[in-house]
Amino acid sequence: MTEVSVRPRTSSHDLPVSPELAAFMASGWAPSPLPHDARVPGSGLTPARRARLSARFPGERLIVPAGEPRVRSNDCDHRFRPHSAYAWLTGLTGEEQAGHVLVMEPDGTRGHEAVLFLRPRSARDGGEEFYRDRRYGEFWVGRRPDLAEAERLTGIRCAPLDDLRRLPPGRDAAHDAELASALSELRLVKDVWEVSQLQAAVDHTTTGFEDVVRALPRALTHPRGERWIEGVFDLRARAEGNGTGYETIAASGAHACVLHWTRNDGRLDRDDLLLLDAGVETDTLYTADITRTLPLSGRFSPVQRQVYELVLAAQEAGIAALRPGASFRDFHRAGMKVVAEGLADWGVLKSLEGDLHRRYTLCGSGHMLGLDVHDCAQARSDTYVDGALAEGHVLTVEPGLYFQPDDETLPAELRGIGVRIEDDLVITEDGARLMSGALPRTPEAIESWMGALLDG
């Protein structure tokens, strides 16, 4: 059988290097150290996080990798983002973390010593990596810290990545699912710094939504107006942060009835709604997750307003149910009660018994939010979806109604309408704070907001 290499050893960029060029490249470089006082954002918080993890696994070696690059096509990789658990424990969030590993080694008591195994900066006085290696070379992908710089940046002892293979045998935390659950559960409650990062993500996302509204006249003329919208928001995300926290959903018309519509290849029609689900991810990798459903004409039609107001009422009921000690599922139940009763009032549902309303809602009404858009998803059920809310939890509330265009249980005027309203909230001592309140939610406020942006 013929073997096919997933990553060629050569490409059109690879040219032979003469001995004379190799010698020339090995000298004549001025020192270029990183600033001596540089630290990664939030590095003062990571020792306590590691201590909490250490307490869960006394005597076990814990291995938390940043992850490996993933090939996009031939010899081109996707942009690398380190695993969220690695970022949370180290504060390191950059693309240069590919392949790096945090090891927490038992220290002989009940604690651990943290060691970062890193690929140190390429030497300039020998070897060719810094100018020849297309995946890791400094002249190809940018500078990495040397080991001393990495220790100053993180406050963690650092060692060469090659030394990882020489670790002595030890009792490793082999139960990957158990370790992943523990890391998710430890991240459920956000500290003050994390909430500030999430608020920054929300604020940048708000600006991105404003950019989108201003761009609507141009988007309405383009044969792929949804992609124009996606591009406008993504520009803001890259300008203000690391990028988007997930693939932007720019769904117009009946596309809004597809929950994860990311093709975004449709034309916009002024008579339709636009469902925009998007979030900016900060450079520290915390993401917002906001959805607004906007009338492309600038004003809701009567039937669009009818659907929108029912979803808004469901969201208001869900938000009112948020408080410490409440069941995580309470806000979903509260919102779905409103939805079911509204559908019954319209004659769409013939009975409130059972869960037949789910034909038109399809999914849950929210999730935890943080370093991942669906944060802490590997936490055990009794600590998350079957658990209770606590001060410091950050979550979304996002009820929706999705009336499929071919659904014969619906009156014709409702078919093809999809509405979702999603906001980000932090649980406080006595309730919840709406983090995304700068974006209007009521139909009147949305129409006024859009009008001001389009006239400005």
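Reading the values: the criteria
- Residues numbered from 1 in each chain as written.
- Predicted model: local features only at pLDDT ≥ 70, side-chain atom pairs only at ≥ 80, totals over all residues.
- Heavy atoms only, no water.
- Phe/Tyr/Trp six-rings, centres within 6.5 Å; stacked < 30°, edge-to-face > 60°.
- Helix = DSSP H or I, 4+ residues; strand = E, 2+ residues; numbered from the N terminus.
- Buried < 20%, exposed > 50% of the residue type's maximum accessible area, 1.4 Å probe, protein only.
- Lys NZ or Arg CZ within 6 Å of the ring centre and 35° of its normal.
- Salt bridge = Lys/Arg side-chain N within 4 Å of Asp/Glu carboxyl O.
- Disulfide = S-S within 2.5 Å.
- Pairing = 2+ DSSP bridges.

A. Layout of the packing of aromatic side chains. According to the stated counting rule, one finds ten aromatic pairs in the structure shown. Ring centres of Phe328 and Tyr384 lie 5.1 Å apart, and the angle between their planes is 75 degrees; on these two criteria the pair is classed as edge-to-face. Remark: Tyr384 occurs in the loop between α12 (358-361) and β12 (394-397) and Phe328 occurs in the loop between α10 (302-320) and α11 (330-346); sequence separation between them is 56 residues. Taking the relative accessible area as the measure of exposure, Phe328 reaches 7% and is therefore buried. Members of the aromatic cluster, joined through ring pairs, are Trp29, Phe130, Tyr131 and Phe139. Directly above the aromatic system of Tyr136 lies the positively charged group of Arg119, at a separation of 3.6 Å from the ring centroid. Just above the ring of Trp228 sits the side chain of Arg218; from NZ or CZ to the centre is 4.3 Å.

B. Structural view of the pattern of salt bridges. Applying the stated criterion across every chain yields a total of 35 salt bridges. A salt bridge links Asp277 to Arg420; the nearest nitrogen and oxygen atoms lie 2.9 Å apart. With Asp277 in strand β9 (residues 273-278) and Arg420 in strand β14 (residues 418-420), the pair connects residues that are 143 residues apart, well separated along the chain. Both residues of the pair, Asp277 and Arg420, count as buried. Within the structure, one salt-bridge network assembled from shared partners comprises Arg299, Arg305, Glu309, Glu444 and Glu447.

C. Quick look at the state of the cysteines. Across all of its chains, the model carries zero disulfides by this definition. Considering cysteine sulfurs only, Cys363 is the nearest to Cys376, which forms no disulfide, with 19 Å between them. The exposure class assigned to Cys376 is buried, which follows from its relative accessible area of 1%.

D. Highlighting the pairing of strand β11 (residues 290-295). Counting buried residues in β11 gives six out of six residues, a clear majority hidden from the surface. Neither face of β11 is open: one carries Ile290, Arg292 and Leu294, the other Thr291, Thr293 and Pro295, and all of them are buried. The sheet contact formed by β9 and β11 spans six bridges and is antiparallel. From the neighbouring strand, Leu276 faces β11, where its bridge partner is Arg292.

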